[in-house]
Amino acid sequence: MNIRLLAKRNIQGNAQRYLAYFFSIVLSVSIFFIYASFIFHPDVVHANIPGGQLISRGLIAAEIVIIIFSVFFIAYSNAAFIQPRKKEFGLLTLLGMSKSQLRKLIYLEQTMVSLISILIGVGLGFLFSKLFLMTISWLLAVEQPISFVFVPEAFIYTIVGFILLFQLLSLLSLFHIGNAEVVDLLKDKQKPKKTPFVSKWLIALSAVCLSISYYLACTLSLNNSYIRVLPIVFFVLIGTYFLFSQSIVALCSRLYRKKKSLYGGTNLITQTNLIFNIKDYSRLFFLTSIITAVILTAAGTLFMFSADLKKQGMDNIPQSIGWVENDASIYSVIEPSAVENALKEDGFKILYEVNITGVPITHMLPHMRTGEPNENRSLLISESDYNNAAALRKIEPAKLSGKEALYIFPYGGLDYQFVHKGEQKELHFGNGTIQVTMVGQRNQSIVAPIKATTTLMVVDDQLYHEITADVPLKEMARVRGYEVKDWEESMETSSEIEQMSNNHNQLQTRAPIYQEMKQGSILILFIGLFVSLLFFIVQGSMMYLRVFTNLEDKKIQIHALHRLGLTKKEIRQILSAEIRILFFAPFLIGVIHAIVAYVALSNLLESNLFVYSSMVIATYFLFQLLYYQVTKKIYERAVINSIK
């Protein structure tokens, strides 16, 4: 018997405990290798793939996330493997093993597992990289699929990177166990557990932090999101940590004092185990709940943004084809007849058209960040023209009289108020000036938001005619637009119209922009789902490790309870309850965090995302339920089979 053989047998004896950890590392290495294969692919490096550089940057960001996440997971797992084996290490030390040999034993075990994980992970990554490249080729719609080639850099970065990572974390994990005394190692599990300390102030702090974070998230808007994100994350982390370390402990203690329910069935054992282990569980609950919230928020955001993309395109680009003529007396950008003929020749039905003339004006508006007055350009149009276009887009009509005016800002996601009801504003046009009373602001576009027509100022018809009576047509601007049925399929026609135009900057087509955004969102969704899957597997592995960490102690406890008269059915109830709490207590808090994030996203997109968010949560719950059932079966079998 030597240390190398002992390490090998220890791994074989703890194979059940290593299973989830091993699978998670293999998956991490595989995804890292697949992404690296694309990043260092010759066609991507030499920019031979349209959009390849953009995807490469996204994958680099994903690689960084995988590495950071792997650091925390491996460090947590190493501690979880060492903790329940302290008695074993104490016995080995008592039998004559020196501290250096003990360190070498632990180091060899972790090195063997890491090397096997890396080799299998790289092998699976190399095996599935062809499928990944085929999928990316299909998503990018390239003429020639991305070739499958041997990428040495992917092997070097993956193997060397993960070996260094494992070696560093393994060495760090040796210090704690190596400096412990024999008596401490032998008696580690015999130390009595105390009832966790509960502070009312920390419970209050948890409630305050979560309330602040939820309020900031639910009132999030596009113009304040950049200053609220970090405070929201900070308060969520603080509030969630003390929720599990204090509030949940207080709740368990309160339930423990209700003797009537405590003495029913197996509640006494279940609740006693929970209250004395809650301190150990709190850190795991905190980590897994945050991971759950991150997975649901990230996957939900990507899915909802992709699913809501068509609506966003129609909201931000009012017509399928739209353009602006700076001189309303002629058509210098493109002739309407040319657009109509191109659409009809390709079989597209025109649902409606807009033809609005207006006067370019200037007026003062506050700067979004500083609030300082700033000169802005808008197009002055009549109330009737606005209402006609608004009716086509099913927008509420404007109701103006006298010298009243309505300011139209095209982007719905921005709720900044540039004007206020009752505010007096001077409008400058040519050599003239007129003062109007603002009735408010609407963030809804009715025509293509291009340069002069990006923002609109709507006034009463009579006032409009008074202003434009002496303005020649050539000093006015004209905005044209066509809404087309099945516009998503008009890519080729839109490209043809763009080629016919004399000024691309004055023309806007919805289909190409939508298709580009759709393609990008699908790619991001595809990449994000891989990372989300990894996060899910890792957080499930952390719970799996927690369950099997105290397996030997649990066997002793259950064996004693069985001798006292507990049936196997009652034992299964106890085990199921404990595992159920581990899996679904943090899941519930993570879901609540994610729902708040979905509310914030709904406000930003101005869409009802209830259906999409429900689908994401339901899908995650099914995966979580499956993971729970598998872990429960393995755990119950391991414990029940030990009963003689």
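Look up: the structure comes first, before these words.
Reading the values: the criteria
- Residues numbered from 1 in each chain as written.
- Predicted model: local features only at pLDDT ≥ 70, side-chain atom pairs only at ≥ 80, totals over all residues.
- Heavy atoms only, no water.
- Pairing = 2+ DSSP bridges.
- Helix = DSSP H or I, 4+ residues; strand = E, 2+ residues; numbered from the N terminus.
- 1 Å grid on protein atoms, 1.4 Å probe; cavity = no way out; pocket = protein on both sides within 12 Å on 5 of 7 lines; lining within 4 Å.
- Points joined across faces, edges and corners; volume = space filled by probe spheres on them.
- Nonpolar A, V, L, I, M, F, W, Y, C, P; charged D, E, K, R; others polar.
- Core = buried A, V, L, I, M, F, W, Y, C linked by side-chain atoms within 4.5 Å.
- Buried < 20%, exposed > 50% of the residue type's maximum accessible area, 1.4 Å probe, protein only.
- Salt bridge = Lys/Arg side-chain N within 4 Å of Asp/Glu carboxyl O.

A. Up close: the pairing of strand E3 (residues 373-382). The sheet contact formed by strand E2 (residues 350-366) and E3 spans 8 bridges and is antiparallel. When the sheet's bridge partners are listed, Leu365 is paired in E3 with Asn374. Counted along the chain from E2 to the antiparallel partner E3, the turn is 6 residues long, and its residue Gly371 has a positive phi close to 80°. Across 4 bridges, E3 lies against strand E7 (residues 456-459) in parallel orientation. Bridging from a neighbouring strand, Ser382 pairs with Val459 of E7.

B. Structural detail: the layout of surface pockets. If you add up the space inside the second largest pocket, you get close to 700 Å³. Along its surface, the second largest pocket is lined by 24 residues, and Ile232, Val233, Ala293, Thr297 and Ala597 are the ones closest to its centre. Of the residues contributing to the lining of the second largest pocket, the split by class is 19 nonpolar, 5 polar and no charged.

C. Highlighting the nonpolar core. In this structure, Tyr21, Tyr35 and Phe38 are the most contacted members of the largest nonpolar core, which totals 105 residues. In this structure, Ile361, Met438, Tyr464 and Met476 belong to the second largest nonpolar core, which totals 23 residues.

D. Focus on the pattern of salt bridges. As enumerated under the stated definition, the model contains 3 salt bridges in all. We note a salt bridge from Glu423 to Lys425, for which the minimum N-O separation is 3.4 Å. With relative accessibility at 24%, the residue Glu423 sits in the partly exposed group. Overall, Lys425 belongs to the buried group, its relative accessible area being 5%. Across the pair Arg510 and Glu483 runs a salt bridge whose closest N-O atoms are separated by 3.0 Å. Of this pair, Arg510 sits in helix H18 (residues 510-549) while Glu483 sits in strand E8 (residues 477-484); the two residues are 27 residues apart in sequence, bridging distant segments of the chain. The same class applies to Arg510 and to Glu483, which are both buried.

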